[in-house]
Amino acid sequence: MGVKVTILGSGSSGNCSLIESDRTCLLVDAGLSGRQIKERLALLGRSIEQITGIVLTHEHGDHTRGLTVLCKQRAIPVYANRLTAEAISSDPERNAAVPISWRLFATGSSFEIGDLTVESFSVPHDAQDPVNFVVRHNGYTVGVLTDLGHATKLVADRVRATDVLIVEANHDVKMLQDDTVRPWSTKQRILSRHGHLSNDAAATLACDVVTDKLRHVFLAHLSRDCNRPELAQRVVAERLGKLGARHVRVAVSGQDAPTATVSL
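Computed from a prediction, not measured in an experiment: that's the story for all the values here.

A. Focus on the pattern of salt bridges. This model, assessed by the stated rule, comprises 12 salt bridges. For the salt bridge of Asp-178 with Lys-174, the shortest nitrogen-to-oxygen distance reads 2.6 Å. Here the residue Asp-178 and the residue Lys-174 both occupy positions in helix H6 (residues 173-178), the gap between them amounting to four residues, near one helical turn. Among the residues examined, Asp-178 registers a relative accessible area of 46% and is labelled partly exposed. For Lys-174, a relative accessible area of 55% corresponds to the exposed category. In this structure, Asp-256 and Arg-224 form a salt bridge, with 3.0 Å as the shortest nitrogen-oxygen distance. Here Asp-256 is found in the loop between strand S13 (249-252) and strand S14 (262-263), whereas its partner Arg-224 is found in the loop between strand S12 (216-220) and helix H9 (229-242), with 32 residues between them in sequence. Exposure remark for Asp-256: the relative accessible area of 59% places this residue in the exposed category. Judged by relative accessible area, which is 51%, Arg-224 ranks as exposed. Salt bridges here are not isolated pairs; linked through shared partners, they connect Lys-153, Asp-157 and Arg-160.

B. Highlighting the packing of aromatic side chains. Scanning all chains against the criterion turns up three aromatic pairs. Centre to centre, the rings of Phe-105 and Phe-111 are 4.8 Å apart; their planes meet at 25°, and the pair counts as stacked. Taken individually, Phe-105 and Phe-111 each receive the classification buried, so the pair is uniform in this respect. Taking 6.1 Å as the distance between ring centres and 70° as the angle between the ring planes, the aromatic pair formed by Phe-105 and Phe-133 counts as edge-to-face. Of this pair, Phe-105 sits in the loop between strand S6 (101-104) and strand S7 (110-113) while Phe-133 is found in strand S9 (residues 131-137), placing the two residues 28 residues apart along the sequence. In this pair, the class of Phe-105 matches that of Phe-133, namely buried. Ring pairs connect the aromatic residues Tyr-79, Phe-105, Phe-111 and Phe-133, which therefore count as one cluster.

C. Here's a closer look at the pairing of strand S1 (residues 4-11). The element S1 is largely enclosed, with a buried count of seven among its eight residues. Where S1 meets strand S2 (residues 14-20), seven bridges bridge the pair, whose relative direction is antiparallel. Of the residues in S2, the one forming a bridge with Thr-6 is Leu-18. Counted along the chain from S1 to the antiparallel partner S2, the turn is two residues long. Direction of pairing for S1 relative to S14: antiparallel, over a ladder of two bridges.

D. Broad picture of the environment of Val-131. The topology assignment puts Val-131 in strand S9. Separated by 123 residues in sequence, Val-131 and Gly-254 have C-alpha atoms that sit 22 Å apart. Sequence-distant contacts of Val-131, that is, excluding residues within four places in its chain, are made with Leu-56, Thr-57, Asn-81, Phe-105, Thr-107, Phe-121, Ser-122 and Val-123.

E. Focus on the pairing of S9. Taken across its seven residues, S9 has six buried, putting it largely inside the fold. Across six bridges, strand S8 (residues 116-122) lies against S9 in antiparallel orientation. When the sheet's bridge partners are listed, Glu-119 is paired in S9 with Val-134. Where S9 folds back onto strand S10 (residues 140-145) in an antiparallel hairpin, the turn is made up of two residues, including Asn-138, whose phi is positive at roughly 50°.

Definitions and cut-offs
Residues numbered from 1 in each chain as written. Predicted model: local features only at pLDDT ≥ 70, side-chain atom pairs only at ≥ 80, totals over all residues. Heavy atoms only, no water. Salt bridge = Lys/Arg side-chain N within 4 Å of Asp/Glu carboxyl O. Helix = DSSP H or I, 4+ residues; strand = E, 2+ residues; numbered from the N terminus. Buried < 20%, exposed > 50% of the residue type's maximum accessible area, 1.4 Å probe, protein only. Phe/Tyr/Trp six-rings, centres within 6.5 Å; stacked < 30°, edge-to-face > 60°. Pairing = 2+ DSSP bridges. Contact = heavy atoms within 4.5 Å.

Here's what the structure looks like:
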């Protein structure tokens, strides 16, 4: 059997995706509130009791916010590298009375969660030891690319020949530069090589890694203020179209509701 992919929610306020096989339900990050994660799983006919594990890209709150509530309800195995786990465990705002069942992995390693193979790789972002993932099952491959300032050769090599690619399209560069709320220091961080991908950068990456195998691109982690879903979708779809990759469906994930499920 194949794989199902659903983004439960993605944006600057919280990120969480569900990757499933017949035997395994894997959450990638838990940045929505615990209540929202449970409610959105219920919309899909799933529950916390069915979650096999949670894999974490890095320690920032928009990727870990729901951990305390989820782990309080059930000792779900949480997979992270050592520096990410230490950063989360030492956070004074986290409820230390709720233990986390850590499963530590070395950055760059592969490991099994149920019948899914998870491959980790380093990405450039302003966190302790940020990683992204490729998840494999029965010949199908899902690439997860969120929170990276630029796409390194390693990143492109790891997600080439995926069936589904989740890639951040955080901002439109002009909208970010013209934003009157964010201080210039924040804009510099976002635009830096350890910040976030713009729509144009996401389009360039998608064009660099597209093959006949790639069928679905989910655009993730969109800024509410400095991007628009229709703009991000148009930029990436048009660039892929000019390349002749019209077989790729480009969808945009949002903060407020799950995406449609893609079944491979």
